[in-house]
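Chain residues, written in single-letter form:
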Amino acid sequence: MRRMVCLNPEEAFHIHTWRCGHAGDEREDAYIRTAMYLGAKQITFTDHAPFPGDSFRGRMKMADLPEYIKTLSELKAKYQGKIEVRIGLEAEYLPGFLAYYEKLREEERIEYLLLGQHFYELAPGVYSFSMKEKSGQANGIIRAELSGVESGYFSGVAHPDRSYRYLKPGETADVGLAKELIVAAREHHIPLERNLSSMETGQFYPEMFWKHCPDDYLVGLDAHSVSEMARRYHEAAFWNEMGE
Ligand SMILES: [Zn+2]
Ligand SMILES: [Zn+2]
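Residues numbered from 1 in each chain as written. Chains lettered and ligands numbered in written order. Predicted model: local features only at pLDDT ≥ 70, side-chain atom pairs only at ≥ 80, totals over all residues.

J.: Honestly, the overall build of the protein chain in this entry has me stumped. Any pointers?
T.: Per the secondary structure count, the protein chain includes seven helices and nine strands. For the protein chain, the C-alpha radius of gyration of 17 Å lies close to 18 Å, the compact-globule estimate for 244 residues. C-alpha atoms of the protein chain, sized along the principal axes, occupy 50 × 45 × 30 Å. Per-residue burial for the protein chain yields a buried fraction of 37% across its 244 residues. Restricting the contact set of the protein chain to residue pairs at least 6 apart, pairs at least 24 apart contribute 76%. (Helix = DSSP H or I, 4+ residues; strand = E, 2+ residues; numbered from the N terminus. Rg over C-alpha atoms; globule rule 2.2 N^0.38 Å. Buried ≥ 20, exposed ≤ 12 C-beta atoms within 10 Å, placed from the backbone. Contact = placed C-beta atoms within 7 Å.)

Next comes the structure, spelled out in structure tokens:
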């Protein structure tokens, strides 16, 4: 079988910032300078996107979005020719917010929308994080990822397999659904991300998910501090070298 290849070996991809409230307080300039030191040719910031109304936790506030874009735009210009700084956001696909995704798409300074499905919409205004029963949520998240891939708003899928952490003992993942996601991503030319944070925390699922995926992949550092970025950049190089 052909060996799967990392699509972005010289990129510090999937970087968060202080704005999401659960990352270190280093500024973006420190991430960029460290990425250059590591030998990266490109760094892509994908902080957790705000949503209108600011009703979800663990992300920047809507009011901070203009400053995020402005700061990164200035740094993009400052480091031009040295390292490519890309401005992105990580967001869930929630069908109740289609008008908002349209607005994000119209903002041409936002170059990359990364699908990070941490929860999903059950009905307008009702979300899976309010469910007491966790069984079924792993498949629910994959189904939402599938809709996100088909929506056309996203350029990559962060940790497509992480939802399996919600599997209850004895509950099995729907392999057919995982395969459906993998095929849809391929057809839409949207790469899936092998996430270094998931690997470190035991939420990476080669048996349940990746063995079904014969496609080249993105490596995402999912870094919430400069030291995490540096450590995972080296880990990624190691994994790519090992071919797994
Ligand atoms: Zn985060
Ligand atoms: Zn992330």
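J.: What is the right way to read the sheet that holds strand β2 (residues 42–48) from this model?
T.: Strand pairing in a sheet relies on backbone hydrogen bonds. The paired strands run either parallel or antiparallel. Reading across from one edge, β1-β2-β3-β4-β7 is the order of the five strands in this open sheet, with parallel pairing throughout. At either margin of the open sheet sits one strand with a lone partner, and together these are β1 (11–15) and β7 (156–157). Where strand β3 (residues 84–91) lies against strand β4 (residues 112–115), four bridges are found, and the strand directions are parallel. In the strand pairing of β4, Ala 91 is matched with Leu 115. Packing against the sheet, helix α1 (residues 28–38) makes contact with β1, β2 and β3, and its axis sits at approximately 145 degrees to β2. Here helix α2 (residues 65–78) sits on the sheet and contacts β2 and β3; the angle it forms with β3, its principal contact strand, is near 160 degrees. (Pairing = 2+ DSSP bridges. Axes fitted to C-alpha atoms, helices over the stretch in contact; angles between N-to-C directions.)

J.: Just checking my understanding: could you explain unusual backbone geometry for this structure?
T.: Most peptide bonds adopt trans geometry, and most residues besides glycine take a negative phi value. Not every positive phi belongs to a glycine, and His 14 is a case in point at roughly 80 degrees. Within the fold, His 14 resides in strand β1. Unlike most non-glycine residues, His 189 shows phi in positive territory, near 55 degrees. In this structure, His 189 sits in the loop between α5 (175–187) and β8 (193–195). Given 7 C-beta atoms within a 10 Å radius, His 189 is considered exposed.

J.: Looking at this structure, how should I read the environment of Glu 111?
T.: Of note, Glu 111 is situated in the loop between α3 (98–106) and β4. Note on Glu 111: 17 C-beta atoms within 10 Å, which makes it partly exposed. Sequence separation between Glu 111 and Gly 88 is 23 residues; the distance between their C-alpha atoms is 5.6 Å. In this structure, Glu 111 is in contact with Arg 86, Ile 87 and Gly 88, ignoring residues within four places of it in sequence.

J.: How do you make sense of the pairing of β2 when you look at a structure like this?
T.: Within a regular strand, side chains alternate between the sheet's two faces. β2 sits mainly inside the fold: six of its seven residues count as buried. In terms of strand pairing, β1 meets β2 through four bridges, oriented parallel. Paired with Glu 11 across the two strands is Gln 42, which belongs to β2. In this region the chain leaves β1, passes through α1 and returns to the parallel neighbour β2; the handedness of that crossover is right-handed. Here β2 runs beside β3; their pairing, made up of seven bridges, is parallel. Within β3, the position partnered with Thr 44 by the bridge is Arg 86. In the classification by handedness, the crossover that spans β2, the intervening α2 and the parallel β3 is right-handed. (Right-handed = clockwise from strand over helix to strand, strands pointing away.)

J.: Please explain the environment of Gly 136 as it appears in this structure.
T.: Turning to its location among the elements, Gly 136 is positioned in the loop between β6 (126–127) and α4 (137–151). Gly 136 sits 65 residues away from Thr 201 along the chain, and the two C-alpha atoms are 22 Å apart.

J.: Is there a simple way to think about the nonpolar core in this case?
T.: In a soluble, globular protein the nonpolar side chains are often hidden away together inside. By size, the foremost hydrophobic cluster in this structure holds 52 residues, and its most contacted members are Ala 12, Ile 15, Ala 35, Ile 43, Leu 221 and Met 229. At six residues, α4 tops the list of elements feeding residues into this core. Apart from residues no more than four positions distant in its own chain, Ile 43 is found in contact with Ala 12, Ile 15, Tyr 31, Ile 32, Ala 35, Ile 83 and Val 85. (Core = buried A, V, L, I, M, F, W, Y, C linked by C-beta atoms within 7 Å.)

That's the geometry; what it means functionally is another story.
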